[in-house]
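If you want the building blocks of each chain, they are given just below.
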Amino acid sequence: MEVKLDKRYPLDVDSARAWKLLTDVPATAGCMPGAAITEKLDDTHYKGSVKVKVGPASAAFAGDIEVLALDATTRTLQLLGKGADRGGSSASMNLTATIESGGDAASSVLVGHAEVVVNGKRVKTIDVHAHCCVPKAMALVKHPLEAPGLLMDDTSVRIAAMDAQGIDVEALSINPYWYRAERDVAAELIEVQNETLVEFCAANPDRFVAFATAALQHPELAAEQVEHAVKKLGFRGVGVGGSVAGEELANPRFHPFWAKCEELGVLVFMHPLGTRELEPSGRLGGSGLLTNTIGNPLETTIALSHLIFEGTLDRFPGLKICAAHGGGFLPSYANRSDAVIRCFPDRVGPLPKKNPTAYLKDGQLFFDTIVFTPEALRHLIAETGPGQIMIGTDYPFPWTSTEVDLVLSTPGLSDEQRVAILGGTAAKLLGIK
Ligand SMILES: [Zn+2]
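Cut-offs and rules
- Residues numbered from 1 in each chain as written.
- Predicted model: local features only at pLDDT ≥ 70, side-chain atom pairs only at ≥ 80, totals over all residues.
- Helix = DSSP H or I, 4+ residues; strand = E, 2+ residues; numbered from the N terminus.
- Buried ≥ 20, exposed ≤ 12 C-beta atoms within 10 Å, placed from the backbone.
- Contact = placed C-beta atoms within 7 Å.
- Expected span 1.5 Å × (residues − 1).
- Pairing = 2+ DSSP bridges.
- Axes fitted to C-alpha atoms, helices over the stretch in contact; angles between N-to-C directions.
- Parallel < 35°, antiparallel > 145°, perpendicular 65-115°, else oblique.
- Left-handed = near helix turned anticlockwise from the far one by under 90°.
- Core = buried A, V, L, I, M, F, W, Y, C linked by C-beta atoms within 7 Å.
- Arc of directions from axis to C-beta.

(A) Local environment of the overall build of the protein. Along the backbone of the protein there are 15 helices and 17 strands. When burial is assessed residue by residue, the protein has 43% of its 433 residues classed as buried. Of all intrachain contacts in the protein linking residues separated by at least 6 positions in sequence, the fraction that spans at least 24 positions is 70%.

Spelled out as structure tokens, the structure:
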């Protein structure tokens, strides 16, 4: 597994002073969170517990650090860290840091380039939760632009952010804003949108794939749209909201859509649209942006719970759905869904074929990594399985920029499991070579 990271940091000191600071290896290591050099063997060899960090990504291991190069002329420092973590993974990080002159005499830039290799394996890191937009389609229903970062006319900033985060490929999706559009408008909108998504991906085929869009409010049309998208346009996945204009995804009227997704074998990326029904009550108002902070994962929790309890997942056993934000709150409290069947047998039913928690593990449901801490990701994996997890960044929304780091620092995973989460599972599901 190998991850490449590039990052530029502006510094407020002149380049000579910055270089002096950088060459003080114990001090430089001391600036890295979690790093401690315990022993200096000689001028270029150190021992320690090291967390090498460049920008948002880091690799942590106990081992040796060797200074491979220290070139005062080019002001370049090259460090090689090697070691093993407690799980038996071997890891190495080759870090090159160069001080460049800044815009004026009193400033400079630290340019970091790092490559992380785990057990010598190379993996393509794939982000399954990355947003974009197609303004031409939005104009058809006068939908406003939510954030400039969604635009794809200049992808250089997006690709630089991907490089800094160690992301090789983004699977682009568009949050549904068209679920209340009439059939004719919805048909035109989806056609324009899907064709433009194909153009986005074709312009950078190594960096982007996309989830097709579909007008779920017209389920038969949506089934045709996803069939066209897969068979004619080459999509391998389709995006859906967590509800459709107030209707649950488990509503039987959506069965034709699910049947088509199952038949085509496409991955469905499910992203919440918030819980708008709660908003008029004011309960999600006030401080905390609760419409998003709680509202989004809550909608995912409700949608998944209905898909399980209403038997949708039983009816379409080949369906594969990836839920955003680690599946919302459901994996954190899934055992309550089993408990209600035991504790209130007269008040539930008809019942799904399996215990609700089994659906989190049995290969129909997948989850992204947006749960913020190694402990949270460890728990999500304990409830779902390492094969059900894929990286999500929520780009361009700034919830996180450290998902590769998160996967590398989550305890209890084998190298194979880390490789699967970083990109192996997404590559299989989305047909990325
Ligand atoms: Zn998102």
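What follows picks up the thread again.
(B) Helix H9 (residues 295-309), seen in detail. Compared with the 21 Å implied by 1.5 Å per residue over 15 residues, the 21 Å span of H9 between its first and last C-alpha is a close match. Burial analysis of H9 places 13 of its 15 residues in the buried class, which makes it a mostly covered element. Phi turns positive one or two residues past the end of H9, at Gly311, with a value near 85 degrees.

(C) Focus on the environment of Pro135. Residue position: Pro135 is located in helix H3 (residues 135-139). Considered as a pair, Pro135 and Val192 are 57 residues apart in the sequence and their alpha carbons are 9.9 Å apart.

(D) Broad picture of the pairing of strand E11 (residues 237-241). Counting buried residues along E11, 5 of its 5 residues qualify, which places the element largely inside the surrounding structure. Burial of E11 is two-sided: the residues Gly237, Gly239 and Gly241 facing one way and the residues Val238 and Val240 facing the other way are all buried. Relative to strand E14 (residues 267-271), E11 runs parallel, the two being bridged by 5 bridges. Bridge assignment links Gly237 to a residue of E14, and that residue is Leu267.

(E) Spatial organisation of unusual backbone geometry. Cis geometry marks the peptide bond from Gly349 to Pro350; its omega dihedral reads 0 degrees. The residue Pro350 is located in the loop between helix H11 (335-343) and helix H12 (356-359) in this model. Residue Pro396 is reached from Tyr395 by a cis peptide bond, and omega for that bond is 5 degrees. Position of Pro396 relative to the elements: it lies in the loop between strand E17 (389-390) and helix H14 (403-409). At Arg75, a position not held by glycine, the phi torsion is positive, near 55 degrees. Its location among the elements puts Arg75 in the loop between strand E4 (57-71) and strand E5 (76-84).

(F) Up close: the packing of helix H5 (residues 183-203) against helix H6 (residues 219-231). It is the contact of H5 with H6, at a shortest axis distance of 11 Å, that shows an interaxial angle of 15 degrees. Classified by the angle between their axes, H5 and H6 sit roughly parallel to one another. Every pair of crossing elements has a handedness; the one defined by H5 and H6 is right-handed. Between H5 and H6, the contacting residues are Arg183, Ala186, Ala187, Ile190 and Asn194 on the first element and Leu221, Gln225 and Ala229 on the second.

(G) A look at the sheet that holds strand E9 (residues 169-173). Strand order across the open sheet formed by 3 strands is E8-E9-E10, with parallel pairing between neighbours. In this open sheet, the two edge strands, each paired with only one partner strand, are strand E8 (126-131) and strand E10 (208-210). Sheet twist, expressed as the average angle between the axes of neighbouring strands with direction ignored, equals 35 degrees. Where E8 meets E9, 4 bridges bridge the pair, whose relative direction is parallel. The residue bridging Ile126 from the neighbouring strand is Val169, located in E9. Packing against the sheet, H5 makes contact with E9 and E10, and its axis sits at approximately 160 degrees to E10.

(H) Structural context of the nonpolar core. Ranked by internal contacts, the top residues of the largest apolar core, which has 90 residues, are Ala171, Val226, Val238, Val268 and Cys322. With 8 residues, helix H15 (residues 415-430) is the largest single contributor of residues to this core. The contacts of Val238, once residues within four sequence positions are left out, are Phe211, Ala212, Ala214, Val226, Ala229, Cys261, Val266 and Val268. Listed in part, the 11 residues of the second largest apolar core include Trp19, Ile65, Leu95 and Ile99.

(I) Seen up close, the environment of Arg276. One can find Arg276 in the loop between E14 and helix H8 (290-293). Looking at Arg276, the number of C-beta atoms within 10 Å reads 14, which means it is partly exposed. Through-space distance from the C-alpha of Arg276 to that of Glu299 is 9.3 Å; in sequence the pair is 23 residues apart.

(J) Up close: H6. With 13 residues, H6 ought to run about 18 Å at 1.5 Å a step, and its terminal C-alpha atoms sit 18 Å apart, in line with that. Among all positions of H6, only Pro219, Ala222, Ala223, Gln225, Val226, Ala229 and Val230 are buried. For H6, the arc enclosing every buried residue in end-on projection is 160 degrees, short of the 170-degree limit, so these residues lie on one face. Away from the buried face of H6 by more than 90 degrees, exposed residues Glu220 and Lys231 are located. Looking at the buried positions of H6, the neighbouring elements they touch are H5, E11 and helix H7 (255-264).

(K) Spatial organisation of the sheet that holds E17. Pairing within the open sheet is parallel, and its 5 strands lie in the order E11-E14-E15-E16-E17. Of all strands in the sheet, those with a lone pairing partner are E11 and E17, marking the two edges. By the bridge criterion, 2 bridges tie strand E16 (residues 365-368) to E17 in an arrangement that is parallel. Among the inter-strand pairings, Asp368 is bridged to a residue of E17, identified as Met390.

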